[in-house]
Each structure stands twice: as structure tokens, then as C-alpha cells.
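Below are the chains, spelled out letter by letter.
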Protein chains: 2
Amino acid sequence: MIKQMIGIDIGGTTIKLALIDVYGEIHKKWQIPTNITENGRNIPTDIVRSIQQTMLEQNDQQAEIIGIGIGVPGPISPDGQIVVRAVNLGWEDMPLKSAIEKELDIPVVLLNDANAAALGEMWKGAARGKSNLVFVTLGTGVGGGIILNGKVINGVHSSGGEIGHIPIYSQEQRTCGCGNTNCLETFASANGLVKTMQNMMEENQENLSAVDVFTWIEAGDQKAMTALTITVNYLGQAIAGIMNTVDAEEVVIGGGLSGAGDALLIPLKEKIDQFIFPAIRGNYNVSKAQLGNDAGIYGAVYSYLSSNEILTMEETLLR
Amino acid sequence: MIKQMIGIDIGGTTIKLALIDVYGEIHKKWQIPTNITENGRNIPTDIVRSIQQTMLEQNDQQAEIIGIGIGVPGPISPDGQIVVRAVNLGWEDMPLKSAIEKELDIPVVLLNDANAAALGEMWKGAARGKSNLVFVTLGTGVGGGIILNGKVINGVHSSGGEIGHIPIYSQEQRTCGCGNTNCLETFASANGLVKTMQNMMEENQENLSAVDVFTWIEAGDQKAMTALTITVNYLGQAIAGIMNTVDAEEVVIGGGLSGAGDALLIPLKEKIDQFIFPAIRGNYNVSKAQLGNDAGIYGAVYSYLSSNEILTMEETLLR
């Protein structure tokens, strides 16, 4: 009987699910739409039904489902029971763990989706074999997950790794979605890069995207290159500050902007090097996330494995 | 037979030692001069002899010394065996743990002095009862210790908690002792405050001290108040960034500048509040360190206790 787990990544439009074994092999991957009507109250039932149906279909394969890990777009209560809130889903204090466990009689572990992606990259992606990393997603916003000694820093108020909200200095005032001013993500996200570019253009360009900016950079456009430099300066200084605080061995950059590859990563590494503590400089890596949209399902499963100390047993088999 | 430990705090001019029991009561406290001649090579022997002499004197008290914790002004190798370097003592790769254990046959735990002070404040000082804190010392430089879930973040390169070296933004360029430019400590230490004050004065004031600046602040001097505001702005933004990364429950401010009390702590709390993630705001404290120069010896002992899991047994007795 193969021991498998279900990794789940709940997003605002789709819910990704996968059957993954303790060695990290994906046996089946599927998705269902996220039903955010009625404040997302049907999501737990949708997940339960989809799993039940899949387990019926997989019955002949003699797989045993030993646990479920779920990545959620919001903070998890420190006891791991409740999704405190998930604005994109309409959730407030959703008791997701008990809701799923009650129906399926399989143990469930909840975690924040950025933390799940960080764990996924550690288990099967860019930070494989490492146990101390700073994971940064550069998308519409800037998300993050800090892993020290193999464990996610969830924080006392479930706000560990909220590195998109590290304050930065600028003469400009940019209001963040969190209500604060000049959070890192107002400058270093895809939206932040676009805003910086728009500020430098003479004509109002409302439909500008980060992809446009990187296309111009490739074409050697000076203003676009300046916009990238500004973004990289803020991001690099902030990451150096994080590294000088937690002293990890790997910085993993994911999210849409990471698609720019070396155009982003090379100047970013230079900027981090400039400000990182000398004892760390030369002894850490900056790498691009490898798992894309699968990072969350891998990490959700890893979270279940490590929380039950199954992995310490299996880990040697994985290497 | 009372179980006791020896807490040691090695500084550049004196070595503080104390006999402390598992409940945190100090039974004897003494100090010896730090002999930094010959690259500090005699320091381990000096410590051993001083302990041997004290144990002889204490013999009639029936105390059993079960362990030694030593706080050192430099990074400790991740395996806890070696002091990687301690510039003030002249040490490079000093095998302090084995040197002491060999002579006394008592187990030794080494840790960085800022981390020791952080643990001390958690065990017996300002953060009593908490297990997640950001400890900041504002002295000649800016030191720090991050404690999460009761454990010090020592880091992969023994640079965890080097928050004095978080880069900050300024038009001015200040070179830090570490070789980088515009580290937090070049602005937020006692020296940084004095430099900011000197920049604003018409006449060259070479012998200015941080105490002078606080005296002028009390007298309502506008320039001195501006210098403090600049210091607090940098420090507050940096601490908010740390808190948004690790999400602790207590910020403890120690070191010489903390002697200014509310004149520093009240505006600092306001500045941190301005930039901290909304879920944390209102749910954390900023407090002044309580143990002064004793923080290190308490923390060194606590480090021994917790590394041997003696404390989990005793902890209930402490509350």
C-alpha cells in the first residue's frame, strides 16, 4: 500500500489539488474552481467532495491517504486550526481544519500559501537540501516565507514573513493595501515597477504591464532600465536587511517578476551583496523559484509530513 | 545539594561571572580583568582558575555545579564549539568550549553576548514569560538578538540578529566598522546620534557625547530634538521591518542609549507603530531592558539550561 498525501493550494479563482507520495512524486493533479459566492462558505464542502470522488476513482490503486496539507491565501491562527481571514475568499475565522477532518477522517495541516510555496521550494525546488531560506514572491504584491531550521516562521500574530510590508524610504508616498505607507510591495511588486515606470513617462500610460517594462529593458530603453534599478535597489536592500536579521543560506525569488530571470536576479544579487553582512557575503545563493504554480501543493504536503515527523524517517530515502 | 550553574559574560575589559541556581537566583557574583595581551590566549586559563578558586571557597555550601554558559563578544560556530572571532579579545577560531570543559569537567555552552543578553531579558528581565522577542542594544554600536519560540536565531553563518547592520537609506554616506555603508548602527547607535548632532552644529564639537544630547533634549534644545527624531526614525523603521519579518511579541531596548527612558521609548514606539503590519500593531510591547550588565550572565545560564532541556522541567517552578 503506497502512503500518499493530498496537497491543496486554495487560490482566488482555482483550487489546485494533488496526490503526492512521501517521496514527493505527484500521482495525480487536478483543480476545481473556487466558489467565492456566499463568502466562500461552500469551499470546504467542494474540497471534500472532490477528494471523495478522486479517492473512489483511485481505489484500485491501493493508495492510502495518510494526511492533507492545505495552503490558504491568508493568515492561520497560531494553533493551526483556523483561517483568521482570507480576503480573496471572503473568509473570516473559517475553521477549515476541523471542517475537512470531520468529513474525511484524515488529519489536516493548514498553512499560509506563501509559506507553503517556501516549503515546496525547500523540499523539491530551488532550495532543495537547504533548511534556512528567505522566499520572496514578486507578483501583484510582494509575499514571503522565512524558513529557519526547516520550520516556517509563522509568527505570534500569524504575520511572520510579511516582508512585502517592510517599510522603505522614499520621497514619494505610496499607500499600500494594508493601509501603511511605502511598504516594500508598493515599490518592488509588478505593480510597483509599473508605477515607477509610469512616473518617468511623459504621457499617461494606464495599461502598462511589468511585461512591457521588461520588453523595453531588453530593447535597451534607458527609462525602463532605471525603473528596474529603482525596484532592485529597494528589494536588494530589504532582502539584505532580512538576511542580516535571520542569516539564511538561500534567497529564492518567485512570482511573476521572477520570470524576467537574470535581468532581475543578477542586479538583485549585486545589490544584496553590497549591503549584506560580510560574514554572509559569498556564502549564500540567490536563485529563481523552480516549481511555479506547483510550489504550494508540494509545500502543503511537506508541511503535513514534517509536522508529523514522518519526513525525518523518510528524508534519507529522498536524497 | 543545590544545583547551580556558572554564567560568564566576557567583555573587552572585564569578565563577569556568577553562580546562579536553576531558579535564576544569583548566589555569588564576581569579576576578573580581561587579559587581552598575547591575543587573549590566557583568558580561558584565567576563567578556569577563577572558577576553581570560587568552588573551593563555596565548598561548604554543598553546591553542585552542573553546567557553564559563556557569552562572548563575537560569533560562535554553528556547532557551538568555537568562537569564530572576537576582535576585542584578539581571538580567531578559539576552541573555548573544549578548553574549559577539559580543565573543569563541567559541560559548557557558548553563545554570542547579544544573544545571551536577549535570553537573559526573556528569562528574568523585560520579556519575562514571553518566548518571541527582538532585543536591541543601543551602545557604541547597535547589537541584537532575535528569539523565536524560546530559541536564539544564531543563523547559518553565526550572523543571526546582526540588526545593527541592516542597511538604511540616507543621502549621507556613513562607513560602518563592518566595511559596509549606512548600516543602521552608523545612525542609531550612541555614536550615530552624536554624529547626527554634530552635523547640525555650526561649531565643531569633538567631545560631544550621547549624554550631552539627551541633556539638551531635556532642556528643550530644538537641534538635539531633531537629532533624536532622525535617530528614532531610522531605528523605528528598521525595527518595524524586523517585526514584519519575524512577528515577535516584545521589542526590548537595552544598551547605554536606553538609559534615556521614555524620551527614547515613547517616540520609538510611535514610529514602529506607524510602519508595523496592522495585524501586529496593538499586540506587541516595546520595553526597556531591566537587567543591565547582568543580562549576559543570566542569559548564558539560561542557554545552558534550555540546551539541556533542564528548564522544561523546572519552568513551572519559576512562574
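For the structure, check the block above.
A brief report on the enclosed structure follows. (Residues numbered from 1 in each chain as written. Chains lettered and ligands numbered in written order. Predicted model: local features only at pLDDT ≥ 70, side-chain atom pairs only at ≥ 80, totals over all residues. Heavy atoms only, no water.)

Turning to the environment of E250 of chain A, a few remarks are in order. All names here are of chain A. Considering the arrangement of structural elements, one finds E250 in strand β11 (residues 250–254). The exposure class of E250 is buried, given its relative accessible area of 3%. For E250 and P95, which are 155 residues apart along the polypeptide, the C-alpha to C-alpha distance reads 34 Å. At 3.3 Å, the side chain of E250 forms a polar contact with the side chain of N285. (Helix = DSSP H or I, 4+ residues; strand = E, 2+ residues; numbered from the N terminus. Buried < 20%, exposed > 50% of the residue type's maximum accessible area, 1.4 Å probe, protein only. Polar contact = N/O pair within 3.5 Å; in protein donor to acceptor, adjacent residues only side chain to side chain.)

All names here are of chain B. Taken together, five strands build an open sheet; the order of strands is β10-β9-β8-β11-β12 and the sheet is mixed. On the outer flanks of this sheet lie β10 (151–152) and β12 (285–288), each paired with one strand and no other. With respect to the sheet, helix α8 (residues 262–275) is in contact with β8 (133–138), β11 (250–254) and β12, its orientation differing from that of β12 by roughly 160 degrees. (Pairing = 2+ DSSP bridges. Contact = heavy atoms within 4.5 Å. Axes fitted to C-alpha atoms, helices over the stretch in contact; angles between N-to-C directions.)

With respect to the helices and strands, the residue D294 of chain B is situated in the loop between β12 and α9 (295–307). Filtering out sequence-adjacent residues up to four positions away, D294 of chain B remains in contact with I26 and K29 of chain B.

Considering all chains together, one arrives at nine aromatic pairs over all chains under this definition. For the ring pair Y169 of chain A and Y169 of chain B, a centre distance of 5.5 Å and an interplane angle of 45 degrees mean the geometry is tilted. Taken together, the positions of Y169 of chain A in the loop between β10 (151–152) and α4 (185–188) and Y169 of chain B in the loop between β10 and α4 (185–188) put the pair across two chains. Here the two residues Y169 of chain A and Y169 of chain B agree in accessibility, since each one is buried. Residues Y169 of chain A and Y234 of chain B carry aromatic rings whose centres are separated by 5.4 Å and whose planes lie at 45 degrees to one another, so their mutual orientation is tilted. Of this pair, Y169 of chain A sits in the loop between β10 and α4 while Y234 of chain B sits in helix α7 (residues 222–246), on two different chains. Exposure class is identical for Y169 of chain A and Y234 of chain B. Each is buried. In textbook terms, an aromatic cluster arises when at least three aromatic residues are bridged by ring pairs, as seen for Y169, F187 and Y234 of chain A together with Y169, F187 and Y234 of chain B. Note that R174 of chain A overlies the ring of F187 of chain A, its terminal NZ or CZ placed 3.9 Å from the centroid. (Phe/Tyr/Trp six-rings, centres within 6.5 Å; stacked < 30°, edge-to-face > 60°. Lys NZ or Arg CZ within 6 Å of the ring centre and 35° of its normal.)

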